[in-house]
Amino acid sequence: MRHTPLRRVTERQNLLPHGTWLSLLLAFGSAFAADPVPVSRYAIEQPSQGMAEALRAIARQTRTSVLFEPEAVAGRVARPVSGRLSAIEAIRQALQGSGMTAELMADGAVVVKASTSAAPAGAASHAPAMLPASDRDGRFNGGEERGVQGSAQDTSTAAAGAAQERQPYELIRVEVTGSRLRRLDAEGPAPVNVYSRDDIDRSGQPNLQRFLASLTEVSASSGEGGFGTTLGQGTVQLRGLPLGSTLVLVNGRKVQGVGSFTGSVFNLNLIPMAAIERVEVVPLGSSAVYGGDALAGVVNVILKKAINGQSFTGRVGSGRGFSDGSLSLATGGHSAEGEFLLMGSYSRSSPLTMQQRDFFRDADYRRFGSTDERMSYCVPGTVKSLAGNLPGLNTNVAAIPDIASGQPLKISDFQATAGTQNLCNVWTTGGGVALFHGYETLALHALGEHKILGSWSAFTELTYTRDRMHAPDVGLRLGNVTVPAGNPFNPFGVDVRVTAALSPDNGTEGLSRQTHFTRALVGVRGELGLGWDAEVSASTTSDRGGSQTWNEAVNSAALAAALASTTPATALNPFTSGRVASDTVLRGIWSDNRRHSVGRKDQVSGQARGTLIDLPAGAVDAVVGAEAARDAYDVSSSTETHGSRTSSAAYGELRAPLLRAGGEAGGGWSLAALTLAGRRDHYSDFGSANTFQGGLELRPTRSLLIRGSAASSFKPPTILQTHVNDIVYQASIFRLVDPARGGEPITSGTVVRTTNHDLVPEHGQARGLGVVWEPEGGQGTRVSLTHWQMRIRDMIAVLPTQSALDYENLFPGLVTREPAVNGQPGAVTSVKSTEVNFGRLDTSGTDVDVAYVWKTAMGKLTAAGGASRTDEYRVVLAPGAAAVDRLGRRFRDFWAPRWKGRLSFGLDQGSWNLGLTSRYLGRYKDIGTSERRLGDYWMHDLAGSLDLKKLWPDLLPGFRTASLGASVANLTDREPQFAQGAPYYDVTQADWRGRYVSVRLSLDW
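Below is a summary of the structure that appears in this document. (Residues numbered from 1 in each chain as written. Predicted model: local features only at pLDDT ≥ 70, side-chain atom pairs only at ≥ 80, totals over all residues. Heavy atoms only, no water.)

1. Topic: the sheet that holds strand β37 (residues 750–753)
Stage number 1. As summarised here, the arrangement of the four strands in space is β34-β37-β41-β40, forming an open sheet in which the pairing is mixed. In this open sheet, the two strands that pair with only one neighbour each are β34 (727–730) and β40 (815–817). In this sheet, neighbouring strand axes are inclined to one another by 20 degrees on average, regardless of whether the strands run parallel or antiparallel.
Stage number 2. Where β37 lies against strand β41 (residues 828–833), four bridges are found, and the strand directions are parallel. Bridged to T750 within β41 is S830. (Pairing = 2+ DSSP bridges. Helix = DSSP H or I, 4+ residues; strand = E, 2+ residues; numbered from the N terminus. Axes fitted to C-alpha atoms, helices over the stretch in contact; angles between N-to-C directions.)

What follows is the structure, encoded as structure tokens:
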């Protein structure tokens, strides 16, 4: 087991860089050619529970056929299972002391039977009246499961004849993210990284966004807080690719493609953390399986399926200047007729602002070899004369002295401050800009499934989240405003200018957002016969939000009137550090902006899957399906935007075994298999897109897998890009020149912000080639390498207006002219400012993972390491521009450092465990042409847990399981580095929490 705060529990695609590597690995792997079958190990943590439930859970998690007679295990209780184990190892742990044995068959199935020397079932340990609550591991891609445990007759000598006549068993197949096919094998042609709930908890990260940002396959993120790209909406950017190029799924299904604020991304913070079972990541394009938005890959968030009993989890976390916590309570059960889960959760976290970190309190960054960025936006501010010296002073500038509120200033009060300015960091005034926002979230997660007829069952899922985001922001500002001589608070008797920030008791800028997220699904699934099954479902997801930006709008006329007022009751006093005016005056000058938005996706889908034909090498499995959806987005603020689109798709996928070693059954293994997928999507607002995907698996020995994949992908224009409200501007304000008329300035005509009805999707190509070696008997030994490559074309961006003129031939229809005269192009009458397809991005790199486990007298020791090295990241965004190398160079939106990596070490004693993980960010250069070096540092996380019932069986009577976990993220309290340009740190890499400690208690009964 990789007992670390982060472990990958399925195989990833691996790099095969050179023929030399292939030769070496084939030679190395051939030493294990006599191994029974290729073995995959999985991080399995499950408590003591009913034997049948335990065996089914292991079968689901390890994708293994587990055969047993239900009557034989009735009344027996499985022992807890813990470790990174193969299926047979996990089952044997569960069977210890039960009087049952497990036998691994040549085809990889596991048969569980009563030991010939075992006591009768009635003499074995009996099932308790109430089984302990234990989360059932859901199917990959939405928890879809149809596995059937056949009746396994006793295979003892006395029953050998009867065993010949038993009915054939149906093997358990599972669906893995990245494919809709169900298969027996854990690995496929494309990499799939699976992170369990334990991984999330042990990482010490406070939310899903931060956990994903810590992964090596996530090179950069959108950031948090007031300087984050999405203003508090949780997102993920696989490989550091542009925002929105990673498809987010919940239980294998798309959610609405817009957020409550930006209108372009789904907010990961709306998924209740308590309901998350695991996260699966496909770090390569996969549109042929899931449709649009999967240019960079797929993040599939799997929610918990069911529990048997009740469960409680409480967590508290704290760092310097902030705290957070959560509670969740769940109940559920499952039987032969169905299952259900009902979970409620509440979480709350306080914000952290720049004012709470010493790094920002003084904006004089000369201490970092940069410049002094302090400004006169202070409390109080600075006064300057309009001409000459200030009356009574031998200077034209003076810092406003800070005296008791309510006392009028005199010229003599400025003698001590004459010639100086009050200088400070504008971002720390008021409450300070949020480094991360505060949240309060109430969530409900429920699901159920019930048999209705024969093999058919009905199922439903419901998730509801009410989320409130809040944070203070900077103080209100007066920027070089003129204060007339008649202002009763002006001590100089002449007009002067003042620059200042107002104290928080006058109000601050800020943002609050309330969101109601609903996800509801109903469906039926069952057997069609002849080895085929089907599923039909209908779902709706919606994100309804209202946001309020405090004191964002300034009424310039009201401000000038308040400064010019000669009456104290209606005048504004810019010379004080206290209240500057009455509420009536302040509200007349500064007002809030309100915005209401609704994003919604309604979808129906159906699919069937089964075996097409049987080849000598094995069965050809296939899936065919179709879906239809309607997306809508509505915004009401100072302007209104209403947009919707309909879409439909048909898709198919198959996997064909090509070669098999050792015969068709028993003792053999698949030497080669081919996977193909195709999909056609049609959208009402831009047309159709076709995508394809293919993969090849080669297994020259049982322990060595070589695999490759190639896929096309696409990202449709967002609804906001295809529904732009027309706004007309005078062209003269843009200072445009007309290259077709010798650089003549354009002084007339218009610039129109509008929709480009000729937009097409962004298109991508992804390729992967890899190798993984995991020998039988290695107890966790694993070496894997993956080489990946992605190409994106027709990237969508708003074309600069001048570029539309400079490259008029590339973008026909954007420039309108008067008729030509004597062969000279006519004068420009209008230029469209709109989105166009133009840019391209090329990136490639290598992933490596190594792990080893030792069993010692102290317990199980684990060492693991992983890294992602990006070899190329080149971008072209402007016509006529050369490709920009964004590898190892910071940008504000998308880029990649050359290296991200991690090392981890763990000790698992059974009743307690402890792990240390060290995360590495490679060296990179600062923004622009700066030669400043950033990165090249490690961050260390410590995590551990205690099984309280194992350590003290009599503790907490009435509870079946009890565990206490703790983690410390960023153990050495490392702060983000200084970076050039506001906000003077790298938003795409920074986490200002510093040392963050959390404690978690879990109870089942």
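2. Topic: a nonpolar patch on the surface
Stage number 1. A contiguous nonpolar surface patch, about 550 Å² in accessible area, is contributed by V316, L946, W952, L955, L964, V997 and V999.
Stage number 2. Note on placement: L946 falls in strand β49 (residues 937–947).
Stage number 3. Exposure remark for L946: the relative accessible area of 32% places this residue in the partly exposed category. (Patch = residues over 30% accessible without salt bridge, like charges linked within 9 Å, V, L, I, M, F, W, Y side chains within 5 Å. Areas by Shrake-Rupley, 256 points an atom, 1.4 Å probe, with all protein chains shown as cover. Salt bridge = Lys/Arg side-chain N within 4 Å of Asp/Glu carboxyl O. Buried < 20%, exposed > 50% of the residue type's maximum accessible area, 1.4 Å probe, protein only.)

3. Overview of the packing of aromatic side chains
Stage number 1. A complete count under the given rule lists 26 aromatic pairs for this structure.
Stage number 2. Where F322 meets F436, the ring centres are 5.1 Å apart and the plane angle is 85 degrees; that geometry is what we call edge-to-face. In this pair, F322 is assigned in strand β16 (residues 322–335) and F436 in strand β21 (residues 434–436), connecting sequence segments 114 residues apart. Each member of the pair, F322 as well as F436, is classed as buried. (Phe/Tyr/Trp six-rings, centres within 6.5 Å; stacked < 30°, edge-to-face > 60°.)

4. Some thoughts on the sheet that holds strand β6 (residues 100–104)
Stage number 1. If you walk across this open sheet you meet the three strands as β3-β7-β6, and the pairing is mixed. Of all strands in the sheet, those bounded by a partner on one side alone are β3 (66–67) and β6.
Stage number 2. Where β3 and strand β7 (residues 110–114) come together, two bridges link them in parallel fashion. Looking at β7, one finds that L67 is bridged to V111.
Stage number 3. Contacts between helix α4 (residues 87–95) and the sheet are confined to β3, β6 and β7, with β6 contributing the most and set at about 170 degrees to the helix. (Contact = heavy atoms within 4.5 Å.)

5. What about the state of the cysteines?
Stage number 1. Applying the stated criterion across every chain yields a total of one disulfide.
Stage number 2. Bridging C378 to C424, the disulfide has an S-S length of 2.2 Å. The chirality of the disulfide connecting C378 with C424 is left-handed, given an S-S dihedral of about -130 degrees. Pair noted here: C378 is in the loop between α10 (358–361) and β19 (382–385) and C424 is in the loop between β20 (397–399) and β21, with a separation of 46 residues, a long-range link. For the pair C378 and C424, a shared accessibility class is recorded, and that class is buried. (Disulfide = S-S within 2.5 Å.)

6. Some thoughts on helix α11 (residues 556–564)
Stage number 1. Taken as a whole, α11 has its buried residues at L559, A562 and L563. The buried residues of α11 occupy one face: seen down the axis, they fall within an arc of 100 degrees.
Stage number 2. Next to the buried residues of α11 lie β24 (477–483) and α12 (583–589).
Stage number 3. For α11, the N-terminal capping position is held by N555, with its side-chain oxygen 3.2 Å away from the main-chain nitrogen of A557. (Arc of directions from axis to C-beta. Polar contact = N/O pair within 3.5 Å; in protein donor to acceptor, adjacent residues only side chain to side chain.)

7. So, unusual backbone geometry
Stage number 1. Backbone torsion omega between V379 and P380 reads -5 degrees, so that peptide bond is classified as cis.
Stage number 2. P983 follows A982 through a cis peptide bond whose omega is 10 degrees.
Stage number 3. Here P983 lies in the loop between β50 (961–969) and β51 (996–1004).
Stage number 4. Phi is positive for N551, which is not a glycine, with a value near 50 degrees.
Stage number 5. Looking at the secondary structure, you find N551 in strand β27 (residues 532–554).
Stage number 6. Notably, N822 is not glycine yet its phi reads approximately 55 degrees, a positive angle.
Stage number 7. Secondary-structure assignment places N822 in the loop between β40 and β41.
Stage number 8. Classification of N822 by relative accessible area gives exposed; the value is 82%.

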